[in-house]
Amino acid sequence: LAHVDAGKTTLTERLLYAAGVIDEVGSVDDGTTQTDSLALEQQRGITIKSAVVSFAIDDVTVNLIDTPGHPDFIAEVERVLSVLDGAVLVVSAVEGVQPQTRLLMRALERLRVPTLMFVNKIDRRGAGYDRVLEAIGERLTPAIVAMGSVRRLGTRAADSTRWGATDAPFAVRLADLLGELDDSILAAYVDGTGVSYRRLREALAAQSTQALAHPVFFGSALTGAGVESLMAGIAELLPAHAGDADAPVSGTVFKVERGPAGEKIAYVRMFSGTLRMRDRVRFGQDGERKVTAISVFEGGATVRRASVCAGEIAKLWGLGEIQIGDAIGRRRTDAEQH
């Protein structure tokens, strides 16, 4: 998620490239990106409709939803938030925190969505580091920690260096943040026993997955700087809710589009259970229809399959009266949604 022109669609391309899904990074300006498929998106260089792509980080499958950044399409973004396990909020290193950035962060906090931040465009003239961190802390949330430093800021050769166990100032900043969120870490420092770096990283992951701490990564989607660190952060610091494939079917529709023949195609995030082709499924208030076809997002493409199970995102055919926001099968409780 991001304010328009912060670079999230370019970041999506760079993530797909780094994961080996595509051989060449597409261009927003040239209309050659994987997720901006509408003619108007390609013409104007903006994202209008949410789009889904899938890739792997080691043994973690990531279903990425690229959302619109223009404020005119905020409703499209709001529809997606309820199905997310976590979010990457992209901030421009040049413009910093922008109006849409604040709106998105408020929505993410309201829904308690675990959120990492990626400060993009460190290779642009006018890019900031301390200035941007200060703005994020003041205008978005004070519960942040920078995960690395930047060299050659504002030049084409700009790069991000990941901090680790040997970087004592980083451990101190981590301890300061986590001490405010975790009483056991605070107690360890008060009684002088200290906290190992490994424990600090584990505590950071725990607080991040609860949407209480927000790690900040720096890089450039255009050059690829810092993207490897971000990918490691996605795998380590955002929760992975696979769900139970043997439980009753439960999913949420977050997008509906029309096929070539005018048929409705529902985009569904599956939270539990397994849905098979020709299954009759209940949705919405009292709708019930037979699923006639299923496509699952896999390796940067959609693949026709006979079933879709918990943890996956699918396109479903045959549900003629389906609407955005409809629950598929069992409706989740308020506790499950938060």
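Each residue is numbered by its place in its chain's sequence as written, counting from 1. For this predicted model, a pLDDT threshold of at least 70 governs which residues receive local features, and a threshold of 80 or more governs which side-chain atom pairs are given and counted, while totals over whole chains, interfaces and linings are taken from all residues. The side-chain numbers reported here are obtained from all heavy atoms of the structure, hydrogens and water having been left aside.

> What exactly am I supposed to notice about the packing of helix α7 (residues 183-190) against helix α8 (residues 197-209) here?
Two numbers describe a pair of packed helices, the interaxial angle and the distance between the axes. An axis is simply a line fitted to the C-alpha atoms; with a helix, the fit covers only the stretch in contact. Between two such axes, the angle follows the N-to-C directions and lies from 0 to 180 degrees. Elements are defined by DSSP. Helices are runs of H or I of four residues or more, strands are runs of E of two residues or more, and each kind is numbered from the N terminus. Direction vectors running N to C along α7 and α8 enclose 155 degrees, while the axes themselves pass 11 Å from each other. By the criterion of interaxial angle, the relationship of α7 to α8 is roughly antiparallel. α7 and α8 meet at a crossing whose hand is left-handed. Residues Ser184, Ile185 and Ala188 of α7 form the contact with α8, whose own contacting residues are Arg199, Leu200 and Ala203. Side-chain classes are defined by residue name, with Ala, Val, Leu, Ile, Met, Phe, Trp, Tyr, Cys and Pro counting as nonpolar, Asp, Glu, Lys and Arg as charged, and the others, Gly among them, as polar. Broken down by class, the residue content of the contact of α7 with α8 amounts to four nonpolar, one polar and one charged. Angular relationships are summarised with four words: roughly parallel below 35 degrees, roughly antiparallel beyond 145, roughly perpendicular across 65 to 115, and oblique for the angles in between. Each helix crossing is assigned a hand: it is left-handed if the near helix lies turned anticlockwise from the far helix by less than a right angle, otherwise right-handed if that turn is clockwise. The contact definition used throughout considers only heavy atoms, calling two residues in contact when any of these lie within 4.5 Å.

> Before we go on, may I ask you to explain the packing of helix α6 (residues 168-181) against α8 in this structure?
Their axes nearest at 10 Å, the elements α6 and α8 cross at an angle of 50 degrees. The angle between the axes of α6 and α8 places the two elements in the oblique class. In the packing of α6 onto α8, the handedness of the crossing is left-handed. Contact residues: Phe170, Ala171, Leu174, Ala175, Leu178 and Leu181 in α6; Tyr197, Leu200, Arg201, Ala203, Leu204 and Gln207 in α8. Its residues placed into classes, the contact of α6 with α8 shows ten nonpolar, one polar and one charged.

> How should I be thinking about unusual backbone geometry in this particular structure?
Leaving glycine aside, a negative phi is the common case for residues, and trans is the common case for peptide bonds. Even without being a glycine, Arg112 presents a positive backbone phi close to 55 degrees. For Arg152, which is not glycine, the phi dihedral falls at a positive 55 degrees. Along the chain, the position of Arg152 falls in the loop between β6 (148-151) and β7 (159-162).

> Any chance you could explain helix α5 (residues 130-139) here in plain terms?
Every α-helix carries 3.6 residues per turn, so stepping three or four residues along brings you back to the same face. Residue burial is assigned from relative accessible area. The probe radius is 1.4 Å, only protein chains are included, and a residue is buried under 20% of its type maximum, exposed over 50%, and partly exposed in between. Of the residues making up α5, those classed as buried are Val132, Leu133, Ala135 and Ile136. Across the axial projection of α5, the buried residues extend over an arc of 160 degrees, all falling on one side. Looking at α5, the residues exposed on the side facing more than 90 degrees away from the buried face are Asp130 and Glu138. Where α5 is buried, its residues touch β3 (87-92), β4 (115-120), β5 (144-146) and β8 (214-218). Starting at the helix axis, one direction is taken to each C-beta atom, and the arc is that of these directions.

> Can you help me understand the environment of Ala221 in this one?
Relative to the elements of secondary structure, Ala221 occurs in the loop between β8 and α9 (227-237). It is 8.0 Å that separates the C-alpha atoms of Ala221 and Lys8, two residues lying 213 residues apart in sequence. Sequence-distant contacts of Ala221, defined by excluding residues within four places in its chain, comprise Gly7, Thr10, Leu11, Arg14, Phe118 and Asn120.

> Please explain the pairing of strand β1 (residues 51-57) as it appears in this structure.
A regular strand places its side chains on the two faces of the sheet in alternate fashion. Of all seven residues making up β1, six are buried, and the element is well covered by its neighbours. When DSSP finds two or more bridges between two strands, those strands count as paired. Of the pairings in the sheet, the one linking β1 to strand β2 (residues 60-66) comprises seven bridges and is antiparallel in character. Looking at β2, one finds that Val52 is bridged to Ile65. Following β1, the chain reverses through two residues before pairing antiparallel with β2; Asp58 in that reversal takes a positive phi of roughly 55 degrees.

> So what exactly am I meant to see when it comes to the sheet that holds β5 here?
Strand pairing in a sheet takes place through backbone hydrogen bonds and is either antiparallel or parallel in direction. The parallel open sheet is built from four strands, whose spatial order is β3-β4-β8-β5. Of all strands in the sheet, those with a lone pairing partner are β3 and β5, marking the two edges. Here the average twist between neighbouring strands, direction ignored, is 25 degrees. As paired elements, β5 and β8 share three bridges and run parallel to each other. Within the sheet, the bridge partner assigned to Val145 lies in β8 and is Pro215. Sitting on the sheet, α9 touches β3, β4 and β8, and the angle it makes with β4 is about 175 degrees.

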